[in-house]
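Spelled out from the first residue to the last, the chains are:
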Amino acid sequence: MAKLAIRIYPDRVLRKKSSTVKSVGEEERRLASDMVKTMRSANGVGLAAPQVGVSRRIIVVDDLENSSSALVLINPVIIKKKGRSRFCEGCLSVPNITSDILRPESIIVEALNLDGDKIKIGTGGFLARVIQHETDHLDGILFIDRIVFLKRRKIFKKISSKVCMEL
Ligand code: NI
């Protein structure tokens, strides 16, 4: 297992849309295990392949119930989202920024595992949060994109209330 260099925003690879993994073999298993090592040594709880410069749809997520293993999802697709929750997020590729982010509370995700088998996971809370954050990375979306949206709404609210007061 090798530790890989984590790409830092505004590295352009973080904005690229990742390509679908056509088949799962030795190369993918090696990349996934290197990503797990990289994530752990950086004290992260999730990592997406673009964060190590690889534009392929692979994410790894810490398995909190089993510290010796990590969940590896290949070509993850979130097929169902439910509820809404607020959670403070950060990102290994965006140092020194954390923010409360609103996302669906629970999800159903379909993916391939490291054997190339189709899997389907229904989960909520922390795990759903991390899977959504990492899946965003595969489409070039960073959590800071979602902060801007919230701040914009706040700014808009301020402006509109100011306008109201000036009446
Ligand atoms: Ni991230």
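Higher on the page you've got the structure.
Calculation notes
Residues numbered from 1 in each chain as written. Predicted model: local features only at pLDDT ≥ 70, side-chain atom pairs only at ≥ 80, totals over all residues. Heavy atoms only, no water. Donors = N, O, S within 2.8 Å, 3.2 Å for Na, K, Ca; no water. Helix = DSSP H or I, 4+ residues; strand = E, 2+ residues; numbered from the N terminus. Buried < 20%, exposed > 50% of the residue type's maximum accessible area, 1.4 Å probe, protein only. Core = buried A, V, L, I, M, F, W, Y, C linked by side-chain atoms within 4.5 Å. Contact = heavy atoms within 4.5 Å. Salt bridge = Lys/Arg side-chain N within 4 Å of Asp/Glu carboxyl O. Expected span 1.5 Å × (residues − 1).

A.B. asks: Which parts of the structure should I look at to understand the coordination of the nickel ion?
C.D. replies: Six octahedral donors around a metal ideally subtend angles of 90 or 180 degrees, whereas four tetrahedral donors ideally subtend 109.5 degrees. The protein atoms donating to the nickel ion are Cys91 (SG), His133 (NE2) and His137 (NE2), with metal-donor distances spanning 2.1 to 2.2 Å. Site description for the nickel ion: donor spacing in sequence, C-x41-H-x3-H. One end of the pair, Cys91, is in strand S4 (residues 85-91); the other, His133, is in helix H2 (residues 125-138), and 42 residues separate them in sequence. Residue class for Cys91 comes out buried when judged on its relative accessible area of 12%.

A.B. asks: It is not clear to me how the nonpolar core should be interpreted in this structure. Could you clarify?
C.D. replies: Nonpolar side chains in soluble globular proteins tend to end up buried together. The biggest cluster of nonpolar side chains holds 15 residues, and the ones touching the most others in it are Met35, Leu47, Ile58, Val60, Val72 and Ile74. Not counting residues up to four positions away in its chain, the partners in contact with Val60 are Ala32, Met35, Val36, Met39, Gly46, Leu47, Leu71, Val72 and Glu134. Core analysis: the next-biggest nonpolar cluster, separate from the first, contains 12 residues, Ala48, Val61, Ile107 and Ile121 among them.

A.B. asks: Explain the pattern of salt bridges here, please?
C.D. replies: If charged atoms from side chains of opposite charge come close, those side chains can pair. A complete count under the given rule lists 12 salt bridges for this structure. In this structure, Asp139 and Lys17 form a salt bridge, with 2.9 Å as the shortest nitrogen-oxygen distance. A residue pair is termed long-range when its members are at least 10 positions apart, and Asp139 in the loop between H2 and helix H3 (143-166) and Lys17 in the segment before helix H1 (26-41) qualify at 122 residues. Judged by its relative accessible area of 29%, Asp139 is partly exposed. Relative accessible area serves as the criterion here: at 62%, Lys17 is assigned to the exposed category. Between Asp139 and Arg57 there is a salt bridge; the shortest N-O distance is 3.1 Å. Within this pair, whereas Asp139 is found in the loop between H2 and H3, its partner Arg57 is found in the loop between strand S1 (46-48) and strand S2 (58-62), the two being separated by 82 residues in sequence. The class for Arg57 is buried, based on a relative accessible area of 11%.

A.B. asks: Sorry if this is basic, but what is going on with H1 here?
C.D. replies: Taking 1.5 Å of rise per residue, 16 residues should cover 22 Å, and H1 covers 23 Å from first to last C-alpha, within 8% of that figure. Listing the buried residues of H1 in full gives Glu28, Leu31, Ala32, Asp34, Met35, Val36, Thr38 and Met39. Close packing links the buried residues of H1 with S1, S2 and strand S3 (70-82). Positive backbone phi, at 60°, marks Asn43, one or two positions downstream of H1.

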